[in-house]
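Structural overview
Chain by chain, the residues:
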Amino acid sequence: MSQSVIHGELDVKRSLLDAVLAGLIALIVFGPIVGIVLNGYSFNFEPHRLVWIIIAVMAGRLLLSLFLQTAPGRRVLARFDGGNDGVYVRPLGYKSNLRWLLPLMAAIALLFPFVATKYLLTVAILGLI
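Residues numbered from 1 in each chain as written. Predicted model: local features only at pLDDT ≥ 70, side-chain atom pairs only at ≥ 80, totals over all residues. Heavy atoms only, no water.

**Observations concerning the side chain of D18**
- Mapped onto the elements of the fold, D18 is located in helix α2 (residues 12-34).
- Polar side-chain contacts of D18 include one of 3.2 Å to the side chain of R61. (Helix = DSSP H or I, 4+ residues; strand = E, 2+ residues; numbered from the N terminus. Polar contact = N/O pair within 3.5 Å; in protein donor to acceptor, adjacent residues only side chain to side chain.)

**With respect to the pairing of strand β1 (residues 36-39)**
- Relative to strand β2 (residues 42-45), β1 runs antiparallel, the two being bridged by 4 bridges. Among the inter-strand pairings, V37 is bridged to a residue of β2, identified as N44. (Pairing = 2+ DSSP bridges.)

**Concerning a nonpolar patch on the surface**
- There is a patch of nonpolar side chains on the surface, built from L98, W100, L101, L104, M105 and I108 and spanning about 610 Å² of accessible area.
- Here L104 shows up in helix α5 (residues 101-115). (Patch = residues over 30% accessible without salt bridge, like charges linked within 9 Å, V, L, I, M, F, W, Y side chains within 5 Å. Areas by Shrake-Rupley, 256 points an atom, 1.4 Å probe, with all protein chains shown as cover. Salt bridge = Lys/Arg side-chain N within 4 Å of Asp/Glu carboxyl O.)

**Side note on the packing of α2 against helix α3 (residues 47-67)**
- Between α2 and α3, the shortest axis-to-axis distance is 8 Å and the interhelical angle comes to 150°. Considering the angle they form, α2 stands roughly antiparallel to α3. The hand of the α2/α3 crossing is right-handed.
- Looking at the contact of α2 with α3 residue by residue, the classes come out as 16 nonpolar, 4 polar and 4 charged. (Axes fitted to C-alpha atoms, helices over the stretch in contact; angles between N-to-C directions. Parallel < 35°, antiparallel > 145°, perpendicular 65-115°, else oblique. Left-handed = near helix turned anticlockwise from the far one by under 90°. Nonpolar A, V, L, I, M, F, W, Y, C, P; charged D, E, K, R; others polar.)

Encoded structure:
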C-alpha cells in the first residue's frame, strides 16, 4: 500500500488509472454488443450508446476506487481480506446461499428463446459467438 493511502490521502492518480482500465474493458465487453445494432442482415454502428455506457463504467469505477481509499472504504475491504485464504472445507450438509443460482440461470436460458424477440435472439447469438 502506498504511503499516501496509509496517511489518509487519496491516490487520485491510481483511481484515474483504474477508471481508464475499466473503460477499456467496458469497450471490449460492450462494444460488439451495444455499439452494433443489427438491421436485418446489415448492421449500424451506434457510438453514442457505447460512449454513455463507457462513461458510466468509468465514473462508477472512479468513485468506487476513491471510496475504497477512505476510512469507511478500508473497513469494507477489511471484511473481504481474511487470514483464512485458501481452500475451505465445509461441514457435511453445508448449503451455500448461492445454490439457487445455477438452476435459475438454466431456467432463464431455457425460457429465453420462447419470450425473446428476433432482435434479442440475434444479439444473444452474436454475443455468444
